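Observations on the three-dimensional arrangement
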Amino acid sequence: MVTCDTLVIGAGCWSAGVALSGRGSTVIVDRGAIVGAEYFDTFAPTSNWKSELRSAEARELYRVLDDRTAINGERSDSLMLAPFLYKALLPYTDTFRLWTEITAIRPDGDGFAVTLFDADGSEELHARRIIDTTPECLSNPEFGRTNCRAASLTAVAVAPNAAEMMRLWKPAVGSMRPGRTDDELFFTVPTDPAGSWPEARQTLLDAWNSRREIFFKLNKIATIARQQVRELACDQYEFAPNHTFFNCARFDNPLLAIDAGICFGRE
């Protein structure tokens, strides 16, 4: 049986920070293959990029982004952070178990026995502590369902007349905000937290296609976020001693999340 001190469920930016801290005996499990999906795969709005960072690693990531003019107030580019974060994580790849499902969790002695399932089959892991950072709270789905107050889905649109469109079109459903360039905008619609992915996507497309006729030509959706943004009622909750929920998307931007994870790992 594999043993670890801390099992982190969800490979968000905060979890990446825990890995970067060099904290020993930590395993990070995620059912997907993207680290930082709560920012990189949602196109969530960000702010406060010039906030003070406590760790040298986060400050270096800030410097790299600033050198590439990716930090620009409301138009700061979260996506540009991804390749530099992944490069920094290369020495810590053994900390991550991606494309891995958690099929069971049960109390076991001074911690928890956790059954993992991946392409190689099932494996049991013993963890002294569990921190669940997934918005749906995979280790306690009932809590996850009740904790989600609202959800939204965002698309990136290419719009040569983006400024005019945002000034003149007030969608009946959804909202717009400036993109990273003058010919880009983000279009966000509220979705049903309990609905399916196809339903959320259809809600967004219906709202986008209701735009005024003068904005049809040349204004097109380039991509739709692969995950919804979820508004949670509670950012942190303890289910039992050493089993907690922690909202890793609570931070204003991914750098702050990474920095907080690094500081947590070094406490």
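Up top is the structure these notes are about.
Summary of the structure given here. All values derive from a computational prediction rather than experimental measurement. (Residues numbered from 1 in each chain as written. Predicted model: local features only at pLDDT ≥ 70, side-chain atom pairs only at ≥ 80, totals over all residues. Heavy atoms only, no water.)

A look at helix H1 (residues 13-20)
Here is the rule we go by: Under the scheme applied here, a residue whose accessible area is under 20% of the maximum for its type counts as buried, over 50% as exposed, and between as partly exposed, the area being computed with a 1.4 Å probe on protein chains only. Numbering of helices and strands runs from the N terminus; a helix is a DSSP stretch of H or I covering at least four residues, while a strand is a stretch of E covering at least two.
Burial analysis of H1 places eight of its eight residues in the buried class, the great majority of the element. For H1, the full list of buried residues reads Cys13, Trp14, Ser15, Ala16, Gly17, Val18, Ala19 and Leu20. Gly22 lies just past H1 and shows a positive phi near 80 degrees.

Here's the deal with the nonpolar core
Keep this limit in mind: Grouping buried Ala, Val, Leu, Ile, Met, Phe, Trp, Tyr and Cys residues that are joined through side-chain atoms within 4.5 Å yields what is termed a nonpolar core. A contact between two residues is defined here by any heavy atoms of the two lying within 4.5 Å.
Within the largest apolar cluster, 36 residues are counted, with the highest numbers of intra-cluster contacts made by Trp14, Leu85, Leu89, Phe251, Leu255 and Ile258. Of all the secondary-structure elements, those providing two or more residues to this core are H1, helix H2 (37-40), helix H3 (56-67), helix H4 (81-89) and helix H8 (254-265). Considering each element in turn, this core owes the most residues, seven residues, to H8. Setting aside its immediate chain neighbours within four residues, Phe251 contacts Trp14, Tyr39, Phe246, Leu256, Ala257 and Ala260.

Quick word on the environment of Asp259
Of note, Asp259 is situated in helix H8. Discounting chain neighbours no more than four positions away, the residues touching Asp259 are Glu52, Leu53, Arg54, Ser55 and Ala58.

Details of the packing of aromatic side chains
Put simply, the rule is: To pair, rings of Phe, Tyr and Trp, with the six-membered ring standing in for Trp, must have centres within 6.5 Å; the planes then decide the type, stacked if under 30 degrees apart, edge-to-face if over 60, and tilted in the middle. The rule for a charge over a ring is simple: NZ of Lys or CZ of Arg within 6 Å of the ring centre, and within 35 degrees of the ring normal.
Applying the stated criterion across every chain yields a total of twelve aromatic pairs. Here Phe246 and Phe251 contribute two aromatic rings whose centre-to-centre distance is 6.3 Å and whose plane-to-plane angle is 45 degrees, an arrangement assigned as tilted. In this structure, Phe246 and Phe251 share a single accessibility class: buried. By the ring-pair criterion, three or more aromatic residues cluster together here, those being Trp14, Phe246, Phe251 and Phe264. It is Arg177 that lies over the ring of Phe186; its NZ or CZ is 4.3 Å from the centre. Note that Arg211 overlies the ring of Phe216, its terminal NZ or CZ placed 4.2 Å from the centroid.

Observations concerning helix H7 (residues 197-208)
We apply this condition: For a helix, the expected span equals 1.5 Å multiplied by the number of residues minus one. Here the arc refers to the set of directions running from the helix axis out to each C-beta atom.
Its twelve residues place the ends of H7 17 Å apart at the C-alpha level, agreeing with the 16 Å of an ideal helix rising 1.5 Å per residue. Among the residues of H7, Ala200, Leu204, Leu205, Ala207 and Trp208 are the ones counted as buried. Each buried residue of H7 lies within a common arc of 165 degrees when the element is viewed along its axis, so the set occupies one face.

A word on the pairing of strand E1 (residues 2-9)
We count it as follows: Whether two strands pair depends on DSSP finding at least two bridges between them.
In this structure, E1 lies alongside strand E6 (residues 121-132), joined through seven bridges in parallel fashion. Bridging from a neighbouring strand, Val8 pairs with Ile131 of E6. Note that E1 and strand E2 (residues 26-29) share four bridges and pair parallel. Within E2, the position partnered with Thr6 by the bridge is Thr26.

Here's the deal with the pattern of salt bridges
To keep things clear, this is the line we draw: In the sections that follow, a salt bridge refers to a side-chain nitrogen of Lys or Arg positioned within 4 Å of a carboxyl oxygen of Asp or Glu.
Under the counting rule described, the total for this entry stands at 17 salt bridges. Its salt-bridge partner being Arg23, residue Asp5 comes within 3.7 Å of it at the nearest N-O pair. Taken together, the residues span a long stretch of sequence, with Asp5 in strand E1 and Arg23 in the loop between H1 and E2 at a distance of 18 residues. A salt bridge links Asp77 to Arg180, with the shortest nitrogen-to-oxygen separation between them at 3.4 Å. Of this pair, Asp77 sits in the loop between H3 and H4 while Arg180 sits in the loop between strand E8 (175-178) and strand E9 (184-191), and the two are 103 residues apart along the sequence. For Asp77, a relative accessible area of 14% translates into the label buried. Where salt bridges share partners, they join Asp5, Arg23 and Arg128 into one cluster.

So far we have only geometry, and geometry alone does not tell us how the molecule works.
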